[in-house]
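Residues per chain, in single letters:
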Amino acid sequence: MSKKIFSGVQPTGNLHLGNYLGAIKNFVDLNNDNQNECIFCVVDLHAITVKQDKDQLTNNIRETAATFIASGIDPSKSIIFNQSKVHAHAEGSWILSCMAPMGWLNRMTQFKEKAGKDKEKASVGLYIYPILMASDILLYDATHVPVGEDQKQHLELTRDIAQKFNKDFDCEDFLRVPEPLIKKNFSRIMSLKDGLKKMSKSDPSDLSRINLTDTKDEIINKIKKAKTDSLPIPNEYQKLKDRLEAKNLLGIYSSISDQTLDKTIDEFEGKNFSDLKSQLAEVLLSKISPISDEIKKLVNDQNYLDKVLVEGANKAEEIAGKKIKEMKKIIGF
Ligand code: AQP
């Protein structure tokens, strides 16, 4: 069945292995299936929900587009663009924010995590971030949204908002209710330093993540220093229950090698983490280093990246512009 795919990544720098295994790797597989129509967005409006440096933001927008292409997304097959270039995203977000009850947003755990203790000082944008995300997805009639496990709750909210809009305005099926596409194998990559925290761009410790632009030496060093425990690798997954960091490394190995956790456990049963770490470093070098080399090459070709983004924005504008017009008509504008 052909799918309409929409997903986004924030241009907030330090794209990492979690972004790759949780989202971008999946984007590439979907792009490679000729039956799918794919739209991959550099979500720069989302990025400014927390303070950004102006020049850095401009560079990060190009670097995120470069990462998509370097990972294997073909801009002649999929639309790649940055969100701020298509007005309908912000307009749709306002309309949907007038439909969505505050109670729904109050349940969002990512806001609680990101705002932390200082909720009063967090931006209103950070609070309504999931509504902008709903607008992004619904404007393109996306049938499927590939995301990491951490975005599951926002996707559920998008579905609820679509259904409420259709009901409130008596326009059944106008906003398409999308399905999440979350990798079954291992969809939440955790910090290399703390198995309770997800691998994240904003973690102050660079050792907590493998950046997609890390050099070979940096990858080897980070895997060597990754937190583990002193016990050998068990013979079944259940026995890893309380060994979060151990589980994470085995999960990363399975995900990057495209194999099940059970198979990885069979492979390493009874061995020490030093064995897993050396093989993990090897497989990461073989998969991540070519991407990293290509990103570095592409970011030096600003003209090419800007051309991809402009062409992508023109195509996105055609789709989203039409949808927002219909949406405004339904409301009575
Ligand atoms: N640790 C992760 N494991 C699996 N998937 C992940 N994703 C992010 N972190 C992990 C997925 O990557 C896609 C793009 O994410 P994003 O950049 O738009 O936002 P994010 O989830 O807020 O990423 P970070 O790294 O955690 O950024 P900061 O530190 O700035 O908050 C999404 O599909 C996400 O699920």
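Preceding this paragraph is the structure being described.
Residues numbered from 1 in each chain as written. Predicted model: local features only at pLDDT ≥ 70, side-chain atom pairs only at ≥ 80, totals over all residues. Heavy atoms only, no water.

*Asks:* I keep staring at the site of the ligand and nothing clicks. Help me out?
*Replies:* Around the ligand sit 22 residues, and of these Lys114, Asp150, Ser200, Lys201 and Ser202 come closest. Ile189 places a polar main-chain atom, nitrogen or oxygen, 2.7 Å from a nitrogen atom of the ligand. Within the complex, the protein chains bury 96% of what would otherwise be the 640 Å² of accessible surface of the ligand. In this structure the site holding the ligand corresponds to the largest pocket. Of all the elements in the fold, those that place two or more residues in the shell around the ligand are strand 1 (4–9) and helix 1 (17–32). With four residues, the top contributor of residues to the shell around the ligand is helix 1. Looking at side-chain class alone, the shell around the ligand contains five nonpolar, 12 polar and five charged residues. (Near = heavy atom within 4 Å. Polar contact = N/O pair within 3.5 Å; in protein donor to acceptor, adjacent residues only side chain to side chain. Areas by Shrake-Rupley, 256 points an atom, 1.4 Å probe, with all protein chains shown as cover. 1 Å grid on protein atoms, 1.4 Å probe; cavity = no way out; pocket = protein on both sides within 12 Å on 5 of 7 lines; lining within 4 Å. Sits in = over half its atoms within 2 Å of the grid points. Helix = DSSP H or I, 4+ residues; strand = E, 2+ residues; numbered from the N terminus. Nonpolar A, V, L, I, M, F, W, Y, C, P; charged D, E, K, R; others polar.)

*Asks:* What is the right way to read the layout of surface pockets from this model?
*Replies:* Using a probe with the size of a water molecule, rolled over the atoms, empty space left in the structure can be pinpointed. Of the volumes computed, that of the largest pocket is approximately 1,100 Å³. Lining the largest pocket are 45 residues; nearest its centre among them are Gln10, Gln110, Lys114, Asp150 and Lys198. Class assignment of the residues belonging to the lining of the largest pocket gives a composition of 19 nonpolar, 16 polar and 10 charged. Those elements that place two or more of their residues in the lining of the second largest pocket are strand 1, strand 2 (37–42) and helix 13 (302–331). Here the lining of the second largest pocket takes six residues from helix 13, the largest share from any one element. Looking at the lining of the second largest pocket, its residues break down into 10 nonpolar, two polar and nine charged. (Points joined across faces, edges and corners; volume = space filled by probe spheres on them.)

*Asks:* Which parts of the structure should I look at to understand the packing of aromatic side chains?
*Replies:* What characterises a pair of aromatic rings is the spacing of the ring centres plus the angle enclosed by the ring planes. Scanning all chains against the criterion turns up nine aromatic pairs. The interplanar angle of 55° and the centroid separation of 6.2 Å between the aromatic rings of Phe81 and Tyr140 together place this pair among those described as tilted. Residue Phe81 is found in strand 3 (residues 79–82), and its partner Tyr140 is found in the loop between helix 7 (124–138) and strand 4 (144–146); the two are separated by 59 residues along the sequence. Given the relative accessible area of 0%, Phe81 is considered buried. Take Tyr140: its relative accessible area is 3%, and that puts it in the buried class. Among the aromatic side chains, those forming a connected cluster through ring pairs are Phe6, Phe81 and Tyr140. (Phe/Tyr/Trp six-rings, centres within 6.5 Å; stacked < 30°, edge-to-face > 60°. Buried < 20%, exposed > 50% of the residue type's maximum accessible area, 1.4 Å probe, protein only.)

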